[in-house]
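A closer look at the structure
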Amino acid sequence: MAEILQVIHSFGEGLFGAIWPLVWALIKINVLMGPVMICVSYLTLAERKVIGAMQVRIGPNRVGFWGLLQPFADAAKLFFKETHIPAAADTVVFLIAPTLVLVPALLAWSAIPFAEGVVLADVNIGILYVLAISSLGVYGVLMSGWASNNRYSFLGALRSASQMVSYEVAMGFSIIPVVMLAGSLNLTDIVLDQKDMWNIIPLFPLAIVYFISVVAETNRTPFDLPEAEAELVAGFFTEYSAMSFGLFFLGEYANMILVSALATILFLGGWLPPVEWLSIIPGFVWFAIKVGFLLFVFLWIRATFPRYRYDQLMRLGWKVFLPIALIWIFVTGAAMHLFGLA
């Protein structure tokens, strides 16, 4: 794959000359964002199909063969509906908030490597970039809750902010041993460091901490307290309708795919196959299989677990996950020093 990209790059450089870097960047952005947005759309269908099967229901099956055109029908419906803005809302902030939820989830993909050499921006601090950009989504949630001028929305936004801060701490600490073992913040280097053994084997407790933390970060069941319909109607997006409502959903599913891709890179060897003889299968296929499996676990959890109480949510993050992550940092450091890996 990297060799093919190099040939295309050399040909384009001769054809377009000085403006080729700009053209090449635009091509890569479109090639990356197209499949990501298609995956986001069809993840909504996959969720309804998987949960339907687990609950012995049919799921969407009317629009297109086996319901495969349902995402397009949903998009058309949301696009043509009227966007209602409450009279007492802060209009500018109200309209900006949904975009601020979706855009960071898409920007973070620029540093995600799909295979060796197949990455939009192979930056040396890739993991810091992804964490920094993805954490901006909480501002969109806060803005939507405040700008709606609705008590339910405001309470949902406060819940979401405290939940994201709580679980980002545990998630951040769970990543530190991965960086220690790889000796780099570059996501490609972290994957290549797992050629002999995936990080999930020595860092299994941290992989579990990371995954549950990102389930909470994305406000997914059983941690969907910011949008708990029993007490908060729809939480921070109660007052939203039409496509502005749809942007919140796109942001949520885009974040699910992003954190699954990051988990694949950090703990599951990225595009590397489980055994050497399976390397005949292209790396990006392995990457997609691993991300798909983690997304299935997301859906499986939603179909299986009831919602946590808010005190249980906070206790799990601060009293369980944070101590485990801190302890494993010291265990990793001691093991590296003992075996001369430092």
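This text goes with the structure placed above it.
Residues numbered from 1 in each chain as written. Predicted model: local features only at pLDDT ≥ 70, side-chain atom pairs only at ≥ 80, totals over all residues. Heavy atoms only, no water.

This paragraph deals with the overall build of the protein. Counting its secondary structure elements, the protein contains 13 helices and zero strands. Its helices and strands in sequence order give the protein the pattern α-α-α-α-α-α-α-α-α-α-α-α-α, from N to C terminus. Looking at the protein as a whole, 46% of its 342 residues are labelled buried. Looking at the protein alone, contacts between residues at least 24 apart form 76% of all its contacts between residues at least 6 apart. Of the accessible surface of the protein, which amounts to about 17200 Å², a share of 71% is contributed by carbon and sulfur atoms. (Helix = DSSP H or I, 4+ residues; strand = E, 2+ residues; numbered from the N terminus. Buried < 20%, exposed > 50% of the residue type's maximum accessible area, 1.4 Å probe, protein only. Contact = heavy atoms within 4.5 Å. Areas by Shrake-Rupley, 256 points an atom, 1.4 Å probe, with all protein chains shown as cover.)

Further remarks concern the packing of aromatic side chains. Counting across every chain of the model gives eleven aromatic pairs. Taking 5.2 Å as the distance between ring centres and 55° as the angle between the ring planes, the aromatic pair formed by F223 and Y308 counts as tilted. With F223 in the loop between α9 (204–217) and α10 (229–232) and Y308 in the loop between α12 (283–304) and α13 (310–338), the pair connects residues that are 85 residues apart, well separated along the chain. On the accessibility criterion, Y308 (30% relative accessible area) is partly exposed. Among the aromatic residues, those joined into a ring-pair cluster are Y167, F223, Y308 and F321. The lysine or arginine in question, K49, covers the ring of W66, its NZ or CZ lying 4.2 Å from the ring centre. (Phe/Tyr/Trp six-rings, centres within 6.5 Å; stacked < 30°, edge-to-face > 60°. Lys NZ or Arg CZ within 6 Å of the ring centre and 35° of its normal.)

The next thing to look at is the pattern of salt bridges. Within this structure, the stated rule accounts for six salt bridges. For R220, the salt bridge is made with E47, and the minimal N-O distance between the two is 2.3 Å. Of the two residues, R220 is situated in the loop between α9 and α10 and E47 in helix α2 (residues 20–54); the sequence distance between them amounts to 173 residues. Here the two residues R220 and E47 agree in accessibility, since each one is buried. The partner of D311 in a salt bridge is R309, and the shortest N-O contact between them spans 2.9 Å. (Salt bridge = Lys/Arg side-chain N within 4 Å of Asp/Glu carboxyl O.)

What follows is about unusual backbone geometry. Unusually for a residue other than glycine, W66 sits at a positive phi of about 60°. Considering the arrangement of structural elements, one finds W66 in the loop between α2 and α3 (70–80). Assessed through its relative accessible area of 55%, W66 is described here as exposed. For N219, which is not glycine, the phi torsion reads 60° and is therefore positive. By relative accessible area, which is 5% here, N219 ends up buried.

Ranked by internal contacts, the top residues of the largest apolar core, which has 68 residues, are W109, I112, Y210 and L266. If you tally residues by element for this core, the top one is helix α11 (residues 242–267), at 13 residues. (Core = buried A, V, L, I, M, F, W, Y, C linked by side-chain atoms within 4.5 Å.)

This part covers α9. Taking 1.5 Å of rise per residue, the 14 residues of α9 would be expected to cover 20 Å, and the 20 Å separating its terminal C-alpha atoms lies within 8% of that figure. Of all 14 residues making up α9, ten are buried, and the element is well covered by its neighbours. Listing the buried residues of α9 in full gives L206, A207, V209, Y210, F211, S213, V214, V215, A216 and E217. Buried residues belonging to α9 abut α7 (151–182), α11, α12 and α13. (Expected span 1.5 Å × (residues − 1).)

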